[in-house]
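So you can see what is in the structure, the chains are spelled out below.
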Amino acid sequence: MSEASKVRIAGVGSHVPERILTNKDLEAMVETSDEWITSRTGIRERHIAADGEPSSSLGIAAAQAALKDAGISAEELDLIIVATITPDYIYPSTASILQQALGATRAVAYDIEAACSGFIYGITIGEQYIASGRAEKVLVVAAETLSKITDWQDRNTCVLFGDGAGAAVLTRAVDDSCILSSYIGGDGAFGELLYMPAGGSLNPASERTVLERMHYMKMSGNEVFRAAVNAMNNAASKAMAMAGITSKDVDLIIPHQANMRIIQSVAKFMEVDMAKVYVNLDRFGNTSAATIGIALREAMDRGVVKKGSVVAMVAFGGGFTWGSLIFRC
Ligand code: ACO
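Summarised in this report is the structure supplied together with it.

## Looking at the pattern of salt bridges
- In this structure the tally under the stated criterion is 12 salt bridges.
- Across the pair Glu-76 and Lys-137 runs a salt bridge whose closest N-O atoms are separated by 3.5 Å. Taken together, the residues Glu-76 in the loop between helix 3 (55–70) and strand 4 (79–83) and Lys-137 in the loop between helix 5 (118–131) and strand 6 (138–145) connect sequence positions 61 residues apart.
- The salt bridge partner of Asp-78 is Arg-106, with a shortest N-O separation of 2.7 Å. Of this pair, Asp-78 sits in the loop between helix 3 and strand 4 while Arg-106 is found in the loop between helix 4 (94–102) and strand 5 (108–112), placing the two residues 28 residues apart along the sequence.

Structure representation (structure tokens):
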């Protein structure tokens, strides 16, 4: 890639709703225990949106924080990409809602849907716009309210998810602080291992779909677990090879926060100490596309990511989708 087409992450923001739901709270809702959830997943609590608090609200707050961090105004944006599997509506897009709310009058705005890999997909797409000269300033937002599609009677899934948003502003790089590589992939053969059966054109909302609880996420946990480990390992290897680096050159890995055991397997495969892996799923659970943005903002605030740090983000999600993106901060 030529110097002129290099792209940087110029600002990062995040936002989570106020309300916290602990494992103890869940013990009163389904047959589970704090001990089971903590030992099988690593999650202790998660933030849950209020009634009437949609994904766009979280996304707007995260986007405003990212714009402030980047020092640019919404009017300067050329493109807004929102990654979400919990849009406010099927249409219009959540990105359109953000465009209006932020006052990004010049920006083209659209949603993408890559489940938990959405943030990496979004940044990868935004990077291409800037690298090709089609845009100068791009906002990527991953905003999710998984609580709205969680079956609170299903202990297999309801203990895993939380709500939140992460956002990144992309601009042309001015020095070697830039995206070093990005890789995305997927395999549609496994769509029904992790999906929401109703609400789309195949099974539109009806009395039957509601009675059969088809508007909630369904997941085959074990199969998803195995696929997640393999795909994340593969994606991280590909992105490191594309950047011409090894895991020794990476200062911090920010994996999708789905399960502590998945994260530990990825760290083991990459031969990195867990000290170099950022984990906050104990406090946020799996916020789907938003996990990596929330973790990145927190790692920056805590000084774990500094100017010059090489950060590798790696994700896996429904679809299946996966991806890894490496950048110098
Ligand atoms: N509390 C208590 N027991 C439970 C709970 C719970 N919350 N959930 C399941 N169990 C039980 C099961 O019923 C089962 O009981 P049985 O043996 O009597 O049938 C037992 O625990 C073991 O169940 P497993 O599914 O084998 O448990 P596992 O160790 O695989 O953990 C988990 C399940 C946590 C879901 C794990 O498989 C996982 O994390 N999978 C990956 C999820 C993921 O990564 N998703 C990412 C993408 S998400 C997205 O894209 C939106």
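## Structural notes on the sheet that holds strand 13 (residues 321–328)
- Spatial ordering of the open sheet is given by 8-13-12-11, a layout of four strands whose pairing is mixed. Of all strands in the sheet, those bounded by a partner on one side alone are strand 8 (179–186) and strand 11 (252–255). With direction set aside, neighbouring strand axes in the sheet form an average angle of 10 degrees.
- Pairing of strand 12 (residues 310–317) with strand 13, which is carried by eight bridges, proceeds in the antiparallel orientation. The partner of Val-310 across the bridge, within strand 13, is Arg-328.
- With respect to the sheet, helix 5 is in contact with strand 8, strand 12 and strand 13, its orientation differing from that of strand 8 by roughly 120 degrees.

## Side note on the pairing of strand 5
- The sheet contact formed by strand 4 and strand 5 spans five bridges and is parallel. Pairing of Ile-81 across the sheet is with Tyr-110, part of strand 5.
- Between strand 4 and its parallel partner strand 5, the chain crosses via helix 4, and the hand of that crossover is right-handed.

## Here we look at the sheet that holds strand 5
- If you walk across this open sheet you meet the five strands as 1-7-6-4-5, and the pairing is mixed. With partners counted over all chains shown, the strands left at the sheet margins are strand 1 (7–15) and strand 5, one partner each. Within this sheet the neighbouring strands show an average axis-to-axis angle of 20 degrees, counted without direction.
- Most of the contacts of helix 11 (residues 291–301) go to strand 1, to which it runs at about 95 degrees, and overall it touches strand 1 and strand 7 (163–172).

## Brief notes about the side chain of Thr-171
- Looking at the secondary structure, you find Thr-171 in strand 7.
- Residue class for Thr-171 comes out buried when judged on its relative accessible area of 7%.
- With near-sequence residues (within four places) excluded, Thr-171 lies in contact with Val-7, Arg-8, Ala-10, Ile-130, Glu-136 and Lys-137.

Calculation rules
- Residues numbered from 1 in each chain as written.
- Predicted model: local features only at pLDDT ≥ 70, side-chain atom pairs only at ≥ 80, totals over all residues.
- Heavy atoms only, no water.
- Salt bridge = Lys/Arg side-chain N within 4 Å of Asp/Glu carboxyl O.
- Helix = DSSP H or I, 4+ residues; strand = E, 2+ residues; numbered from the N terminus.
- Pairing = 2+ DSSP bridges.
- Axes fitted to C-alpha atoms, helices over the stretch in contact; angles between N-to-C directions.
- Contact = heavy atoms within 4.5 Å.
- Right-handed = clockwise from strand over helix to strand, strands pointing away.
- Buried < 20%, exposed > 50% of the residue type's maximum accessible area, 1.4 Å probe, protein only.

Just distances and angles here, no functional claims.
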